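# A structural walkthrough
Listed below are the residues making up each chain.
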Amino acid sequence: MASKDLIVDDDYINSMGNYFLQQGEHIDSMINSYVSIMRTTKNKAISSGEVSKALGTYITYASKMNKQVGKISKNTKKLTKNFLSRIDAEDKYLF
């Protein structure tokens, strides 16, 4: 039979917030490395022509992703803390 109890696992929610934060930092680092490799490729291997121009445009747009995933993951971490705080505030009358 299904239970009607709501169980909030604070440790799990905190660990997921930390996981998202770490993954965001890791993905930001990968994007930064990727853009760096693409710049090196453009500067040393494909320095002129239509492909170089297209690669330059691609690098410009890829660079705009730099630090964006980290911002999202920091926001997610903040939301997990806010969620737990809100739950604690609402259930203070129950426990």
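Quick look at the structure, then. Note that the structure is predicted; figures quoted are calculated from it, not measured.

What counts and how
- Residues numbered from 1 in each chain as written.
- Predicted model: local features only at pLDDT ≥ 70, side-chain atom pairs only at ≥ 80, totals over all residues.
- Heavy atoms only, no water.
- Salt bridge = Lys/Arg side-chain N within 4 Å of Asp/Glu carboxyl O.
- Helix = DSSP H or I, 4+ residues; strand = E, 2+ residues; numbered from the N terminus.
- Buried < 20%, exposed > 50% of the residue type's maximum accessible area, 1.4 Å probe, protein only.
- Contact = heavy atoms within 4.5 Å.
- Polar contact = N/O pair within 3.5 Å; in protein donor to acceptor, adjacent residues only side chain to side chain.

Moving on, we get to the pattern of salt bridges. Overall, the coordinates contain one salt bridge when judged by the stated rule. Across the salt bridge formed by Glu-90 and Arg-86, the nearest N and O atoms sit 3.5 Å from each other. With Glu-90 and Arg-86 both in helix α3 (residues 68-90) and four residues apart, this pair spans about one turn of that helix. Overall, the relative accessible area of 57% leaves Arg-86 in the exposed class.

Along the chain, Ser-52 turns up in helix α2 (residues 50-63). Its relative accessible area of 3% is what places Ser-52 among the buried residues. Not counting residues within four places of it along the chain, the set of residues in contact with Ser-52 comprises Lys-42, Ile-46 and Ser-47.

Tracing the chain through its elements places Asp-28 in helix α1 (residues 10-44). One polar contact links the side chain of Asp-28 to the main-chain amide nitrogen of Lys-67, over a distance of 3.4 Å. With residues up to four places along the chain from it excluded, the contact list for Asp-28 reads Met-65, Asn-66, Lys-67, Gln-68, Val-69 and Gly-70.

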